Structure formats: structure tokens, C-alpha cells
Amino acid sequence: MPEFHAATALLPTGWAAQVRIAADAAGTITAVTPDQPAGALPRLSGVVLPGVPNLHSHAFQRAMAGATERRGAGGQDSFWTWRETMYRFLDRLGPEEAEAIAAQLQVELLEWGFTSLAEFHYLHHQPDGTPYAEPAEMVLRNLAAARRTGMGLTLLPVLYRHGGIFGQPPAPGQRRFLNELDGWQRILAACRAATAGDPHSATGMAPHSLRAVTPEMLRAVAAEPGPLHIHIAEQPREVAECLAATGARPVQWLLANLPVDARWCLVHATHMTAEEATALARSGAIAGLCPSTEASLGDGFFPLAEYLAAGGGFGVGTDSHVGISARDELRLLETGQRLLRQARAIAASEALPNPGRFLLEAALAGGAAAMGRPVGAIAPGLRCDLIELDPDHPTLIGLDGDALLDGWVFSGQHNPIRTVIAGGRRVVEAGRHLAREQVFGEYRRAMRRLLE
Ligand code: NGQ
Ligand code: ZN
């Protein structure tokens, strides 16, 4: 049975020393006991934190990160022109490439502190739009990758039927994404069958956005059990289109028309009025914030202060994977708000005055809720997901406790994560994933095929 001894660990009760962490054969924590001698246990001599859940990913976009930056003719570049580039990238990407990309992504995410991933998967069909013989082929490649890398996975098969708010026809670039409700339900059933009984994975649902489904479809999806994720209010244009079509803004419409509660993750929710932010916070839903992608795509700023004042929960995701580090998402979330408000320590409270600690705690709690899997803390019954920071790293030297978390989140460019345990298994040692070379070899071959 996996067992570890942490010199220092962040537990639900706060910082603890000399902590024995025991897990069962499935990788679930069975006991956490502070003030114990290490004896012959494998030691984690640094600062041990719960692994961070990553609540929003489109794995295939890892392979185009950095390759979409060029200014186009006319200089009218935006989220919407980026999306056209993204559609063109999909012409040749098949199941083998998808799995190689997902594995590479997961290795990188694990090395940078994410031990769970919610994969919001909509690239279902062959390049001409024909389903694969196994309609869930593409989404299940994420699971195959996760079983090699150790990443905990929540599969979110996406229902995508339309190309604009409430029933607009889809564009040719969207043909690989499209399903009727029954086709999507078959993919959902295949995901559930593949994750059933697995302590490391689970299945939820994702209607892509108010632009991709009808209200009837949304209600049918929401009738299914499990976590529910949806993109919402990321760009001003979609707010304007929703207002024109329904008389309500996207978040306002969703809250008024569906039973939004703690099961829901509203991804981005960037463009909200203060009233919407307060209402969303009170619903118990999680806001799925993806700071590096939102910056990259020019989305805007999430109304964090208003949302936090109303007690809103959030987690972070890396979405298009221009960033792959847990601490960078937390850092940008806070520093973006500083630029916006000309103030400091916005994500903090009287009880948790250090933003590093506040942000980490929020991302653990919100991320765990969005995963729909027992993760997010070092406690019995949860998946044994641990990250160990090297306290002798130049970034962290001289710091401890919550100040060390501030150091980790807000300073330095190198990676002080030394060890990562995922599901009770040691997957990163000395900062390197144990399968890094092999996975990268496959990724490089896949990229050559894609780009030749
Ligand atoms: C996506 N990504 O589905 O990959 C979206 C863009 C859309 C982000 N929103 C496409 N970051 O929303 O239509
Ligand atoms: Zn997304």
C-alpha cells in the first residue's frame, strides 16, 4: 500500500508537521496522521500540498499553442479569428495524434502541479464529419492517455449542435463537433462505461455553450446526473447576441431558465454585471476561470471582487494550454485584477490574508467540485494527489507557511515542484515525469505527421 511521510503538509486543518499519509491499493487516502516519526517510510522532505484540479481543457489545442499569434490581413484579430485558425488546424488530426497530444499535455500539467483534469471534449468525428466506428473513439483517447500518465480525469463529452445562439446553423469548420442529442447520448454512455468503477476517472456532461445547443437540449443534458460544464459569456459579442435573441444576458438567462447549482461549472463567465456575479455566487455553481487563455484570446476581466464578496466559488483551468502551470494561472488571476483595479491582494480575506494561500484553497475546493471526483485535499477518502515543493529552491528559500505559498504563486519562473504523487503513484521525481521521454517521442512523431 502506498504510504508517505511529509515533513510539512497543508491539511484541511492547516499546516502540519511530520505527517504520515497512507493510501489503499486504489490510491485513495486512508489515514493522515501528523507528528509521526518517518521510520522507514518514503520521505517527502519538502512542503507537501494537495495536487491542484484543472477544471477546463481542450487537450488538442496544446498542439497549436503558440502557433496562432500572427496578425492577419486587416489587423482585425480576435477570439473569433483565432477560432477560425483553430478549426483549420483540425483537418488532419486523428485518434493517434489526439492521444499523443493528450499524453504530452498531461505529463506537462502533472509536472506543474495539476493532478486532475476535466477534459471538455468536442472533437468527436472524422475530418469530414463522419462518426468513427466507435463514436466515442476520440474522447476515450484522453482516458487512454491518463491511464499512462497518472492524471486523474473527468471526461466531459460535449453536446454541440448549432453555430450560434439557439439554433443557428453550424459552420463547415464545426462538422467534427456535431451531434444530435441521441448521438451525444451514445458517446456519454460509452464514457460512463469506460470510467465506471475506476477511482481515477469519472464522466460528466458539457453542453458547449448557449451558442451550440437549444434550450430543450440544455434541459435534456441537465437531466443527466453528474458534473455539468458550459462555456458562457466569454466575449462581448455573445452577450450582445444573447440579449438580442432572449432579452437577457447569458448568465442571467441561464440562472433564470435552468436549475443552476453546485453541480454546475460556468466556464469563463467573464462578462457579468455585478448583479449576475452575485446571483451566480449564490447559486453555488463554480466559476471556471482560465486566466492564461482568457488573456491570450482577449476575453476581458472576470468580476472577481464582486464575485468573492458574494461568497462565489471558483477553480482554474488551462483551456487552450498556452499556460500549463497551476501557479501561473493563480498568479495571473490575481495580477490581472491588480492591473484592472490598481490595488493589491484582491483574492484574500481576513482569515486568509495571503493571496497565495487564498487562491490555492479556492482552486482546490472549486476544482474538486467541478471534477465530480473525490479530490482536492489531503484527507481520508480522497485520491492521494500530492505535490511536493522543494523548500531549497531559490524561489522559496527563507519562506515558510502561507508566505511560502505566496512565494510559489507570485515569484520566479522556474518550477519548484520536485515530486508529484497522483492516485498514490509517484509520477514526477526530481521535477520530471517518469514517462516524459517516451511521451515526448510520441508527441514529436505525431506533430511531424500533422505538420508535414
Ligand atoms: C472552444 N475555447 O470550444 O475551444 C472555445 C472556443 C467557442 C474557448 N472558449 C470556441 N476558450 O467558444 O466557440
Ligand atoms: Zn473552453
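The following paragraphs examine the structure supplied in this document. Remember, predicted model here, so these are calculated numbers, not experimental data.

Procedures and definitions
Residues numbered from 1 in each chain as written. Chains lettered and ligands numbered in written order. Predicted model: local features only at pLDDT ≥ 70, side-chain atom pairs only at ≥ 80, totals over all residues. Heavy atoms only, no water. Helix = DSSP H or I, 4+ residues; strand = E, 2+ residues; numbered from the N terminus. Donors = N, O, S within 2.8 Å, 3.2 Å for Na, K, Ca; no water. Buried < 20%, exposed > 50% of the residue type's maximum accessible area, 1.4 Å probe, protein only. Phe/Tyr/Trp six-rings, centres within 6.5 Å; stacked < 30°, edge-to-face > 60°. Lys NZ or Arg CZ within 6 Å of the ring centre and 35° of its normal. Core = buried A, V, L, I, M, F, W, Y, C linked by side-chain atoms within 4.5 Å. Contact = heavy atoms within 4.5 Å. Near = heavy atom within 4 Å. Polar contact = N/O pair within 3.5 Å; in protein donor to acceptor, adjacent residues only side chain to side chain. Areas by Shrake-Rupley, 256 points an atom, 1.4 Å probe, with all protein chains shown as cover. Nonpolar A, V, L, I, M, F, W, Y, C, P; charged D, E, K, R; others polar. Arc of directions from axis to C-beta. Pairing = 2+ DSSP bridges. Axes fitted to C-alpha atoms, helices over the stretch in contact; angles between N-to-C directions. Salt bridge = Lys/Arg side-chain N within 4 Å of Asp/Glu carboxyl O. Expected span 1.5 Å × (residues − 1).

**Focus on unusual backbone geometry**
A negative phi angle characterises most non-glycine residues, just as the trans form characterises most peptide bonds.
Move 1: For Gln18, which is not glycine, the phi dihedral falls at a positive 50°.
Move 2: We note that Ala233 has phi near 50°; this positive angle belongs to a residue other than glycine.
Move 3: For Ala233, the location among the structural elements is in the loop between β10 (228-232) and α6 (236-246).

**What to know about the coordination of the zinc ion (ligand 2)**
Move 1: Taken together, the protein ligands of the zinc ion (ligand 2) are His56 (NE2), His58 (NE2) and His231 (NE2), with distances of 2.0 to 2.1 Å.
Move 2: Counting the intervening residues between successive donors of the zinc ion (ligand 2) yields the motif H-x1-H-x172-H. With His58 in the loop between β5 (52-57) and α1 (79-89) and His231 in strand β10, the pair connects residues that are 173 residues apart, well separated along the chain.
Move 3: A relative accessible area of 3% places His58 in the buried class.
Move 4: Judged by relative accessible area, His231 falls into the buried class, the value being 6%.

**With respect to the packing of aromatic side chains**
Move 1: Across all of its chains, the model carries 9 aromatic pairs by this definition.
Move 2: Centre to centre, the rings of Tyr122 and Phe177 are 4.6 Å apart; their planes meet at 75°, and the pair counts as edge-to-face. With Tyr122 in the loop between β6 (114-121) and α3 (137-149) and Phe177 in the loop between β7 (152-159) and α4 (181-195), this residue pair connects regions lying 55 residues apart in the sequence.
Move 3: What makes Tyr122 buried here is its relative accessible area of 3%.
Move 4: Looking at Phe177, the relative accessible area reads 1%, which means it is buried.
Move 5: The rings of Phe60, Tyr87, Tyr122, Tyr160 and Phe177 are connected pair by pair, giving a single aromatic cluster.
Move 6: A cation sits over an aromatic face here: Arg237 above Trp80, 4.0 Å from the ring centre.

**Section: the nonpolar core**
Move 1: Counting 90 residues, the largest nonpolar core has Leu254, Trp264, Leu266, Phe314 and Trp408 as its most contacted members.
Move 2: Apart from the residues within four sequence positions on either side, Leu254 is in contact with Leu210, Leu218, Ile230, Ile232, Val260, Trp264 and Leu266.

**Section: the site of ligand 1**
Move 1: Around ligand 1 lies a shell of 15 residues, among which Arg83, Tyr122, His208, Arg211 and Glu234 are the nearest.
Move 2: Between His58 and ligand 1, the recorded distance is 3.5 Å, taken from a side-chain N or O atom to an oxygen atom.
Move 3: Glu234 places a side-chain nitrogen or oxygen 2.5 Å from a nitrogen atom of ligand 1.
Move 4: With the chains in place, 99% of the 330 Å² that ligand 1 exposes on its own is no longer accessible.
Move 5: Among the elements that line the shell around ligand 1, the one with the most residues is α1, at 4 residues.
Move 6: Along the lines of polarity and charge, the residues of the shell around ligand 1 split into 5 nonpolar, 6 polar and 4 charged.

**Here's the deal with the environment of Ile397**
Move 1: Among the secondary structure elements, Ile397 is positioned in the loop between β14 (386-389) and α13 (401-410).
Move 2: Measuring from C-alpha to C-alpha, the distance between Ile397 and Gly407 comes to 9.0 Å, with 10 residues separating the pair along the chain.
Move 3: Residues within four places of Ile397 in sequence aside, it is in contact with Pro391 and Asp392.

**Looking at helix α8 (residues 274-283)**
Move 1: Restricting attention to buried positions, one finds in α8 the residues Glu276, Ala277, Leu280, Ala281 and Ser283. Down the axis of α8, the sector holding all buried residues measures 160°, keeping them to one side. In α8, the exposed residues that point more than 90 degrees away from the buried face are Glu275 and Arg282.
Move 2: Directly beyond the C-terminal end of α8, a positive phi value near 90° is found at Gly284.

**Observations regarding the sheet that holds strand β13 (residues 313-316)**
Move 1: Spatial ordering of the open sheet is given by β10-β11-β12-β13, a layout of 4 strands whose pairing is parallel. On the outer flanks of this sheet lie β10 and β13, each paired with one strand and no other. Between one strand axis and the next, the sheet turns by 30° as a mean value, whatever way the strands run.
Move 2: Here 4 bridges tie strand β12 (residues 286-289) to β13, and the two strands are oriented parallel to one another. In the strand pairing of β13, Leu289 is matched with Val316.

**Quick word on the pattern of salt bridges**
Move 1: In total, this model carries 25 salt bridges according to the counting rule given.
Move 2: Residue Glu99 is joined to Arg141 by a salt bridge in which the shortest nitrogen-to-oxygen separation is 2.9 Å. Residue Glu99 is found in helix α2 (residues 95-111), and its partner Arg141 is found in helix α3; the two are separated by 42 residues along the sequence.
Move 3: Exposure remark for Glu99: the relative accessible area of 13% places this residue in the buried category.

**Quick word on α4**
Move 1: Taking 1.5 Å of rise per residue, the 15 residues of α4 would be expected to cover 21 Å, and the 21 Å separating its terminal C-alpha atoms lies within 8% of that figure.
Move 2: At its buried positions, α4 is contacted by α3, β7, β8 (201-203) and α5 (215-222).
Move 3: Once α4 finishes, Gly197 follows within two positions and takes phi at roughly 75°, a positive value.

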